[in-house]
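Coordinate inspection notes
Here is what each chain is made of, one letter per residue.
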Amino acid sequence: MKKLQPARGTRDIYGSEANRMQKVVDSFRTLGAGFGFEDLATPIFEFTEVFSRPLGESSDIVSKEMYGFEDRGGEALTLRPEFTAGVSRAFVSGGMQQNLPCRFMSHGPLFRYERPQKGRYRQFHQINAELIGPADPLADVEVLTLGWRLLEALGVSGDVTLVLNSLGDPESRANYRDALVAYYEDHRSALSEDSLTRLATNPLRILDSKDDGDKTVNEGAPSIADHLSDAARAFFDRVQAGLAATGIPYTLNPHLVRGLDYYTHTAFEFITDALGAQGTVIGGGRYDGLIKQLGGPDTPAIGFAGGIERLAMLLAEEPAVQAPIFMMPMGDSQALTALSLADSLRLDGFKVIADRSGNLGKRLKRADAAAARFAIILGETECATNMATVKDLTASDQHNIAFDALGAWLREQDA
Ligand code: HAM
């Protein structure tokens, strides 16, 4: 048996990190609900083709990173590497085109076979929002606004920049592709092996290359901005007007292409310098052709996903958690009274940790370590008189409080 450790690129998440990640999810769901987004949970695995076609056979995700397997029934399945294709599949299978527009929010684990490093894992987590239906550029602004307001709610927007591009419509893309191929053909000798392959399969992907030689070639590459059709340019102008009206700051980067094939028109990333190499905290864009490609009705859509681990790392402060109250029966004969008191305090909204073992000194240490403010001590006298001894661990004093007055008293103390 292998060493008893999580597999490479996977981690156990607990303590402060778990609290931070939960805060990201909670803030996203609260904000999303305010924009009318509804929860959608899709399966963690899907038929492989749900991902392979829309994401693009030549994309890194499909060609190198998917966790695919054959199940016992011989079906080709893949652990989801992202949400968008699964959400689109759910939209088609559920016949949801009757209810357009649809706003879906999801969160959960995703799987990509990548080289692990800080902020990059093989099992990671995303929050994901998809707005399906509107072809209107102001839908793009709505989704971008949700992303930006989330960063504000988390208190991290000061560290993050929105970078925006338009990949245009299919006509603009075809023109641009021709211009890129011509340019890269002139610079073949300076391109990496990988990029020479991309030149044949998907030249736009070269713009995304991390290779230093490719990066130098890319500096002089033609810009999509010069190849947008009039309609695509008007669309992009409207997105920018919407951002200006909402007061969301952004910068343009005509070389931003994103790692997935399904994007059309708006593509964007929220990036930060604060996390080292893995600085993209949210990525997204419009994917007008994807749902049709999956066999559904021709339905435009736009969305984004944020890396929960990366957003959680940006949080400056540990999210506040409710301080617990420790319930300490001193012996077996007080155990049932403690059980029922703890239960009624919890029903009253308090967080109560039952602590039944060890001597009083040890238990008080544990309560301290858990940042508890109060310990309720139940000994023989307390149970005989129905009066609890409540130790205030911060003020280091104690009080005798009648059992039936405990809730009211603790509330007065702001416990
Ligand atoms: P993506 O750019 O592949 O887009 O991923 C979105 C975000 O997920 C990234 O910006 C990053 O924060 C996080 N992420 C990606 N891979 C990893 C990893 N290996 N470890 C940790 N975090 C990671 C999508 O997934 C699209 N489906 C977004 C979208 C939604 N487009 C339209 N709708």
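Notes on the structure in this doc start here. Please read these numbers as outputs of a predicted model, since none were measured by experiment.

Definitions and cut-offs
Residues numbered from 1 in each chain as written. Predicted model: local features only at pLDDT ≥ 70, side-chain atom pairs only at ≥ 80, totals over all residues. Heavy atoms only, no water. Salt bridge = Lys/Arg side-chain N within 4 Å of Asp/Glu carboxyl O. Helix = DSSP H or I, 4+ residues; strand = E, 2+ residues; numbered from the N terminus. Buried < 20%, exposed > 50% of the residue type's maximum accessible area, 1.4 Å probe, protein only. Near = heavy atom within 4 Å. Polar contact = N/O pair within 3.5 Å; in protein donor to acceptor, adjacent residues only side chain to side chain. Areas by Shrake-Rupley, 256 points an atom, 1.4 Å probe, with all protein chains shown as cover.

It is worth spelling out the pattern of salt bridges at this point. Scanning the entire structure with this criterion turns up 16 salt bridges. Measuring nitrogen to oxygen at the nearest pair gives 2.7 Å for the salt bridge that ties R89 to E46. With a gap of 43 residues between them, R89 in helix α4 (residues 84–93) and E46 in strand β2 (residues 45–47) connect regions that are remote in the sequence. Assessed through its relative accessible area of 21%, R89 is described here as partly exposed. For K64, the salt bridge identified is with D60, shortest N-O distance 3.6 Å. Within this pair, K64 and its partner D60 are both found in helix α3 (residues 60–65), separated by four residues, close to a single helical turn. Using a relative accessible area of 47% as the deciding quantity, one classes K64 as partly exposed. One salt-bridge network, held together by shared partners, links R11, E17 and E309.

We now examine the site of the ligand. Surveying the vicinity of the ligand reveals 27 residues, the closest of which are E82, T84, E114, Y121 and Y263. A distance of 2.8 Å separates a nitrogen atom of the ligand from a polar atom in the side chain of T84. V281 places a main-chain nitrogen or oxygen 3.3 Å from an oxygen atom of the ligand. When the ligand sits alone it has 660 Å² of accessible area, and the protein chains cover 95% of it.

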